[in-house]
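Structure at a glance
What follows is the residue order along each chain.
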Amino acid sequence: MALSTTAKTNPGRFFEDYTLGEIIPHAVPRTLSGGERAMYHALYPSRHALASSDEFARSCGLPGSPMDDLITFHTVFGKTVPDISLNAVANLGYAEGHFCLPVYPGDTLRSESQVIGLKQNSNGKSGVVYVRTTGLNQRDEVVLDYVRWVMVRKRAIDAPAPETEIPQLATVIAPGDLHIPAGLDFSNYNFALAGEPHRWGDYEIGEQIDHVDGVTIEEAEHMLATRLWQNTAKVHFDATFRPDGQRLIYGGHIISMARALSFNGLANAQLIVGLNGGAHANPCFSGDTVKAWSEVLDKAETSAPGVGAIRLRLVATKGGAPFQLKGEDGKYLPDVLLDLDYWALMPL
């Protein structure tokens, strides 16, 4: 007689399974190669020169072309999904994201998270889990560190609520706390090869940039991307998991798409070094057309030769008019998909 059991499978954690302060190591380490770079550039219209050309990167003082910063983010993030957001209703936001070291082909990344906050929702059916996730390379060096919070279903509605703990998070990373890659030097930066002449000094705080182009999200590309980053969240794969029968587009797919679209107007914002905050304002589904606009929030000089830091708000919309973010009620407009606040490095 055949025996069957589900004891060996992973149903994912529910809200009541988290304990404040616990550290969760995530499986499985992943060695990155040029394959991830090629696939990333096939999925997104990404053309930033530093992540495209070894020779360009060497001319800027680096040993070679680093992986796109968001490849690092997606890889580290994807490791956390089976333990943090497998049963998520939605990924809500980000803060205090430090890109600490460049990642190169051949590096092996792993992730671990610490639970730093818990809050049950008033409906008693779900709660918000706050985690600080750290990505490390094969030398146990931190390459990425960030906080995110996610709404997770409860297994049992009558399970007791944990004591509420909401972490106090910085709204912006101080420029002096940004990690500038060792050796980075934009003194001899080749603007012609980079694709645009606009340098750090050409941008003004408060300036808004319409990135003009748009990309319609395809179901096949989204599924390929989600598998590439080994993101196993049920809302992205299982059409029966949501009442509307639609698979939710992975929020990181929108981040990468918007960042790639921002090349048109910000081609020289070469490296992401800080993630100040972010919100997935509204869901995205196959068939939606993503467009993007940016606003310059701040600027700062750095200690690296020829290198400036620029703080940008990147907004992705599903075809909405540029430069419109929230309504009179203070809520995001229905067309807004992403509101991301980040620091990038640009030649002075």
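A brief look at the structure comes next. (Residues numbered from 1 in each chain as written. Predicted model: local features only at pLDDT ≥ 70, side-chain atom pairs only at ≥ 80, totals over all residues. Heavy atoms only, no water.)

Here's the deal with the pairing of strand E5 (residues 142–153)
With respect to burial, E5 is a largely interior element, nine of its twelve residues being buried. Sheet analysis places strand E2 (residues 88–99) next to E5, joined by eight bridges and oriented antiparallel. Bridge pairing in E5 links Ala-90 to Met-151. Inspection of the sheet shows strand E4 (residues 126–136) paired to E5 by eleven bridges, in the antiparallel sense. Opposite Thr-133, over in E5, you have Tyr-146 as the bridge partner. Between E4 and E5, which pair antiparallel and follow one another directly, the connecting turn spans five residues, one of which, Asp-140, has a positive phi of 60°. (Buried < 20%, exposed > 50% of the residue type's maximum accessible area, 1.4 Å probe, protein only. Helix = DSSP H or I, 4+ residues; strand = E, 2+ residues; numbered from the N terminus. Pairing = 2+ DSSP bridges.)

Brief notes about unusual backbone geometry
The omega torsion across Ala-27 and Val-28 is 0°, close enough to zero to call that bond cis. Of note in the backbone geometry, Asp-140 takes a positive phi value of approximately 60° without being a glycine. Checked against the element boundaries, Asp-140 lands in the loop between E4 and E5. Located in the positive-phi region is Val-212, a residue other than glycine, with phi close to 70°. Positionally, Val-212 belongs in strand E6 (residues 208–216).

Notes on the pattern of salt bridges
One pass over the full model with this rule turns up 13 salt bridges. A salt bridge links Asp-145 to Arg-132; the shortest N-O distance between them is 3.5 Å. Of the two residues, Asp-145 sits in strand E5 while Arg-132 sits in strand E4, which places them 13 residues apart along the sequence. The exposure class assigned to Arg-132 is partly exposed, which follows from its relative accessible area of 26%. Between Arg-247 and Glu-219 there is a salt bridge, with its nearest N and O atoms 3.2 Å apart. Separated by 28 residues along the polypeptide, Arg-247 in the loop between helix H6 (234–237) and helix H7 (251–261) and Glu-219 in helix H5 (residues 219–228) bring together distant segments of the chain. Through salt bridges with shared partners, a single network forms among Glu-96, Arg-132 and Asp-145. (Salt bridge = Lys/Arg side-chain N within 4 Å of Asp/Glu carboxyl O.)

Side note on the environment of Gly-251
Mapped onto the elements, Gly-251 comes out in helix H7. Residues Gly-251 and Arg-153, spaced 98 residues apart in sequence, show a C-alpha to C-alpha distance of 18 Å.

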